[in-house]
Amino acid sequence: MDSVEKGAATSVSNPRGRPSRGRPPKLQRNSRGGQGRGVEKPPHLAALILARGGSKGIPLKNIKHLAGVPLIGWVLRAALDSGAFQSVWVSTDHDEIENVAKQFGAQVHRRSSEVSKDSSTSLDAIIEFLNYHNEVDIVGNIQATSPCLHPTDLQKVAEMIREEGYDSVFSVVRRHQFRWSEIQKGVREVTEPLNLNPAKRPRRQDWDGELYENGSFYFAKRHLIEMGYLQGGKMAYYEMRAEHSVDIDVDIDWPIAEQRVLRYGYFGKEKLKEIKPLVCNIDGCLTNGHIYVSGDQKEIISYDVKDAIGISLLKKSGIEVRLISERACSKQTLSSLKLDCKMEVSVSDKLAVVDEWRKEMGLCWKEVAYLGNEVSDEECLKRVGLSGAPADACSTAQKAVGYICKCNGGRGAIREFAEHIFLLMEKVNNSCQK
């Protein structure tokens, strides 16, 4: 299961949310919202991801690539695939973020400068969004920095709101951490235990731990937000699994988060299949795209030893590597690299060749991986089960892939993509054993 038990409800007459700084702009009333609707329509639940362009920690953090995918792309994929929302929105003030949001299939609300300041709160931005969208009855505010969010979590929270009558639901995670009172520097006091008896320290398995907000999402009905709250009314928490509670706060967390996402992240509706071959474009992937010509007019190319090692490791793992190029490369030159890979050059239709290889091996497209960097690779990249592109690939190729390498072509991209394949195959094998 992707989730654990949901929490008990709490009803409060004076709910506490995250207060905005200053008075928020007045909301326009929603003719469909509130109590006693005249027309019985299902409430409009909108997912809203707040993604401001400014960031004190990491510039454009929301679209920085995490495990080959823009950070915001992970939560957008989960929200869209959940089917729990009538609409999925990104609220942003930045053109690049808007382009990425639309690429993943979200709608975009261009927020004003008034709610895009460092001092602006989430509540300010949500209120502005609702002022422009009278059709929305419930907002599912999803944190862009929670890349391990899964659709099943969102589906269950939507059910709690729609069918069980909760006014607000927020995500929590269970932690087993002992807390102590803080002592100010220079003050001669002794610290006191806050949630344990030191004389009888419980074992982890004998203690239920405590619930903490993990910030992944806050769902709230319109009438609560109208009062200036994201949490209140008939409240409930939703407990997420610890391994799914990843939050990107500072750059030092990035490498750790990438490993967590590769193991516990959501990769799409279709289950990953074991990869059998990797097809790799020669120019710009195996090589850096530079061609050198000797005095006797012979072609000379260069490649990275790391990539050769990556190919060797793939082959040892039972993954065949095949090379392809639309250019009339010299097979003699390529064979001198001693990569021992089947290759096709002077290819005018890469998709047709890869399709022929696929049929020859008796595979479905989901069992094929492809690393490409040019417009001519686009159709192959869209068709295969696992696609990648070097960091310096053209924009068309990058938009078509599921993984964008940190390395450039001919500079370690194949080795990096091989490591990505190994991690995903580990994920596939683990799921088969469950």
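- Per an unreviewed UniProt entry, the protein chain goes by the name N-acylneuraminate cytidylyltransferase and belongs to Pan troglodytes.
- As stated in UniProt under Catalytic activity (unreviewed entry), the record for the protein chain gives "an N-acylneuraminate + CTP = a CMP-N-acyl-beta-neuraminate + diphosphate".

Things to note about the pairing of strand S11 (residues 234-240)
Thinking step 1. Judged by how many residues are buried, S11 sits mostly within the fold: 5 of 7 residues are covered.
Thinking step 2. Where strand S9 (residues 168-175) lies against S11, 6 bridges are found, and the strand directions are parallel. Following the sheet pairing, Val 173 is matched in S11 by Met 240.

A few points about the sheet that holds strand S15 (residues 320-324)
In a beta sheet, neighbouring strands pair by backbone hydrogen bonds and run either parallel or antiparallel.
Thinking step 1. Strand order in the open sheet made by the 6 strands is S16-S15-S12-S17-S18-S19, with parallel pairing throughout. At either end of the open sheet lies a strand with only one pairing partner, and these are strand S16 (342-344) and strand S19 (403-404).
Thinking step 2. Taken strand by strand, helix H10 (residues 350-361) contacts strand S12 (277-281), S15, S16 and strand S17 (369-371), and its axis lies near 155° from that of S15.

Topic: the packing of helix H1 (residues 71-82) against helix H4 (residues 151-163)
Thinking step 1. Close contact between H1 and H4 brings their axes to 8 Å; oriented N to C, the two are set at 50°. Relative to H4, the element H1 is oriented oblique. The hand of the H1/H4 crossing is right-handed. Between H1 and H4, the residues in contact are Ala 78, Ala 79, Asp 81 and Ser 82 and Pro 151, Leu 154 and Gln 155, respectively.
Thinking step 2. Within the contact of H1 with H4, the residues separate by chemical class into 4 nonpolar, 2 polar and 1 charged.

Section: the nonpolar core
Thinking step 1. Judged by nonpolar contacts, the single largest core of 46 residues is most densely connected at Leu 278, Leu 286, Leu 323, Leu 339, Leu 371, Phe 417 and Ile 421.
Thinking step 2. Among the elements of the structure, H1, helix H6 (254-264), S12, helix H7 (282-286), helix H8 (305-316), S15, S17 and helix H13 (413-433) are those that each provide at least two residues to this core.
Thinking step 3. It is H13 that provides the largest number of residues to this core, a total of 9 residues.
Thinking step 4. Split by domain, the residues of this core number at least three in each of domain 1 (45-257) and domain 2 (277-431).
Thinking step 5. Not counting residues within four places of it along the chain, the set of residues in contact with Leu 286 comprises Cys 280, Asn 281, Ser 302, Tyr 303, Asp 307, Ile 311, Leu 323, Leu 337, Leu 339, Gly 410 and Ile 414.
Thinking step 6. Listed in part, the 36 residues of the second largest apolar core include Ala 51, Val 108, Ala 144 and Ala 158.

Quick look at the packing of H1 against helix H2 (residues 95-104)
When two helices pack together, their arrangement is given by the angle between the helix axes and by the axis-to-axis distance.
Thinking step 1. Across the interface, H1 lies against H2 with an axial gap of 10 Å and an inter-helix angle of 35°. The element H1 and its partner H2 pack so that their crossing is right-handed. Here Ile 72, Gly 73, Leu 76 and Leu 80 of H1 come into contact with H2, specifically with Val 100, Ala 101 and Phe 104.
Thinking step 2. Tallied by class, residues from the contact of H1 with H2 come to 6 nonpolar, 1 polar and no charged.

What to know about H1
Thinking step 1. For H1, a buried count of 10 out of 12 residues is recorded, marking the element as mostly surrounded by other parts of the structure.
Thinking step 2. Along H1, the positions that sit buried rather than exposed are Leu 71, Ile 72, Gly 73, Trp 74, Val 75, Leu 76, Arg 77, Ala 78, Ala 79 and Ser 82.
Thinking step 3. With its phi angle positive at about 70°, Gly 83 sits one or two positions after the end of H1.

Definitions and limits used
Throughout, a residue's number is its position along its own chain's written sequence, starting from 1. Confidence filtering applies because this is a predicted model: local features only for residues at pLDDT of at least 70, side-chain atom pairs given and counted only at 80 or more, and all residues used for totals across whole chains, interfaces and linings. Heavy atoms from the whole structure form the basis of all side-chain values; hydrogens and water molecules are not counted. UniProt positions are given in the numbering used here, feature names are shortened, and annotations may be inferred rather than shown by experiment. The buried label applies to any residue whose accessible area, calculated with a 1.4 Å probe on protein chains only, is under 20% of its type's maximum; exposed applies above 50%, and partly exposed to all values in between. Where helices and strands are cited, they refer to DSSP runs of H or I of at least four residues and of E of at least two residues respectively, numbered from the N terminus. Note on pairing: DSSP must find at least two bridges between two strands before they are called paired. Residues count as neighbours in contact if any of their non-hydrogen atoms are within 4.5 Å of one another. The angle between two axes is taken between their N-to-C directions and runs from 0 to 180 degrees, where each axis is a line fitted to C-alpha atoms and a helix contributes only its stretch in contact. Any angle from 65 to 115 degrees is called roughly perpendicular, while one under 35 is roughly parallel, one over 145 is roughly antiparallel, and all others are oblique. Definitions for this section: a left-handed crossing has its near helix turned counterclockwise from the far helix by less than a right angle. A right-handed crossing has that turn clockwise. Side-chain classes are defined by residue name, with Ala, Val, Leu, Ile, Met, Phe, Trp, Tyr, Cys and Pro counting as nonpolar, Asp, Glu, Lys and Arg as charged, and the others, Gly among them, as polar. As used here, the term nonpolar core means buried Ala, Val, Leu, Ile, Met, Phe, Trp, Tyr and Cys residues forming a set that is joined through side-chain atoms within 4.5 Å. Start and end points for every domain follow an automatic or database-based domain assignment.

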